[in-house]
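The lines below spell out each chain.
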Amino acid sequence: MRNRIQTIHTSRTMMFKELSTLINHQVFDENSIVEMNILGKLSASGIKNTLNYLSRLYDFMEKNRLWKVFTFLWNIAEEPDKRIMTLLYALYKDELLRVSLPVILNAKPGKKVEPKEVQDAISKAYPGRYAPTTSISAAQNILSSWKQAGYIEGKVRNIRVAVKPEKLSVLFALFLGYKDGKVGEDLLQATWINILELSQEQLHEMLAQASLGDLIGYRKAGGITIIQFEPLLNHIE
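It should be emphasised that the depicted structure is a prediction, and the values quoted were computed from it without experimental measurement. (Residues numbered from 1 in each chain as written. Predicted model: local features only at pLDDT ≥ 70, side-chain atom pairs only at ≥ 80, totals over all residues. Heavy atoms only, no water.)

## What to know about the packing of helix α10 (residues 167-179) against helix α13 (residues 200-212)
Here comes step 1: Between α10 and α13, whose axes approach to 9 Å, the crossing angle comes to 95 degrees. Classified by the angle their axes make, α10 and α13 are roughly perpendicular. Each of Lys167, Val170, Leu171 and Leu174 in α10 lies in contact with α13, whose residues at this interface are Leu203, Met206, Leu207, Gln209 and Ala210.
Here comes step 2: Looking at the contact of α10 with α13 residue by residue, the classes come out as seven nonpolar, one polar and one charged. (Axes fitted to C-alpha atoms, helices over the stretch in contact; angles between N-to-C directions. Helix = DSSP H or I, 4+ residues; strand = E, 2+ residues; numbered from the N terminus. Parallel < 35°, antiparallel > 145°, perpendicular 65-115°, else oblique. Contact = heavy atoms within 4.5 Å. Nonpolar A, V, L, I, M, F, W, Y, C, P; charged D, E, K, R; others polar.)

## Looking at the pairing of strand β4 (residues 224-228)
Here comes step 1: Side chains of β4 alternate between two faces, with Thr225 and Ile227 buried and Ile224, Ile226 and Gln228 left unburied.
Here comes step 2: The pairing of strand β3 (residues 217-221) with β4 spans five bridges and is antiparallel. Counterpart to Arg219 in the pairing with β4 is Ile226.
Here comes step 3: Taking the residues between adjacent antiparallel strands as the criterion, β3 and β4 are bridged by two residues, where Gly222 takes a positive phi near 60 degrees. (Buried < 20%, exposed > 50% of the residue type's maximum accessible area, 1.4 Å probe, protein only. Pairing = 2+ DSSP bridges.)

## Some thoughts on the environment of Glu185
Here comes step 1: Tracing the sequence through the fold places Glu185 in helix α11 (residues 184-187).
Here comes step 2: Separated by 38 residues in the primary sequence, Glu185 and Gly223 have C-alpha atoms spaced 9.1 Å apart.
Here comes step 3: Sequence-distant contacts of Glu185, that is, excluding residues within four places in its chain, are made with Gln200, His204, Lys220 and Thr225.
Here comes step 4: A polar atom in the side chain of Glu185 sits 2.3 Å from the side chain of Thr225. (Polar contact = N/O pair within 3.5 Å; in protein donor to acceptor, adjacent residues only side chain to side chain.)

## Focus: the packing of aromatic side chains
Here comes step 1: In this structure the tally under the stated criterion is 16 aromatic pairs.
Here comes step 2: The interplanar angle of 55 degrees and the centroid separation of 5.6 Å between the aromatic rings of Phe60 and Trp67 together place this pair among those described as tilted.
Here comes step 3: Take Phe60: its relative accessible area is 10%, and that puts it in the buried class.
Here comes step 4: A relative accessible area of 5% means that Trp67 is categorised as buried.
Here comes step 5: Relative to Trp74, the ring of Phe70 lies with its centre 5.7 Å away and its plane at 55 degrees, an arrangement referred to as tilted. Taken together, the residues Phe70 and Trp74, both in helix α4 (residues 65-74) and four residues apart, mark about one turn of the helix. Neither residue differs from the other here; Phe70 and Trp74 are each classed as buried. (Phe/Tyr/Trp six-rings, centres within 6.5 Å; stacked < 30°, edge-to-face > 60°.)

Next up, the structure:
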């Protein structure tokens with residue numbers, strides 16, 4: 001029996017709009033969400049179905065440290081960073097969405113990204129796993145998630161564009177690397193940082209800003225980079 005792939009992208013996107021609604025209302029209890037119809041669905045079953053997908057992807061439990069860091073940074077971030085951080089979170093949790101990384105990151109700004117490229121990447125990563133109709137739907141959902149994060153634009157053409165992440169996206173990407181056990185310079189080479197497409201000079205400048213803002217400990221001297229997350233973790237505890 002084949003292991004089940006951790007994903008919601010065969011049925012949904014990263015659902016930035018719905019996630020924003022929950023965070024802005026600060027309500028995560030299912031009964032309250034259904035009773036108040038916070039998600040604006042037509043039926044209780046529709047609300048519960050959407051909430052199930054959101055919970056599977058983001059696991060908004062108080063004991064989930066990743067969620068606590070994410071929402072802390074979300075509440076002080078501007079809209080573009082919120083979108084990028086949401087994509088990072090979804091990529092971290094969703095195996096199928098990660099399959100699209102080389103397709104998107106290898107596409108230069110101005111290039112059209114075809115759903116077929118993502119579908120081919122899915123078939124290569126998981127041969128025979130999905131029926132063609134499912135892989136097509138997943139590819140479209142995956143492109144929609146990248147579009148919600150600002151990496152692609154256009155209702156139909158899916159044109160790759162350059163993003164401009166700020167320090168809070170950088171901090172969240174670094175925290176994902178930290179969760180993976182990386183430290184120092186290795187953090188700055190992690191997949192999650194590469195997704196932001198920033199130069200090393202830009203990264204160090206943003207880290208210095210975050211350090212001055214008392215969000216992380218940061219020091220670079222003699223070719224050695226030290227990044228400490230205690231200030232950020234102290235904020236959420």
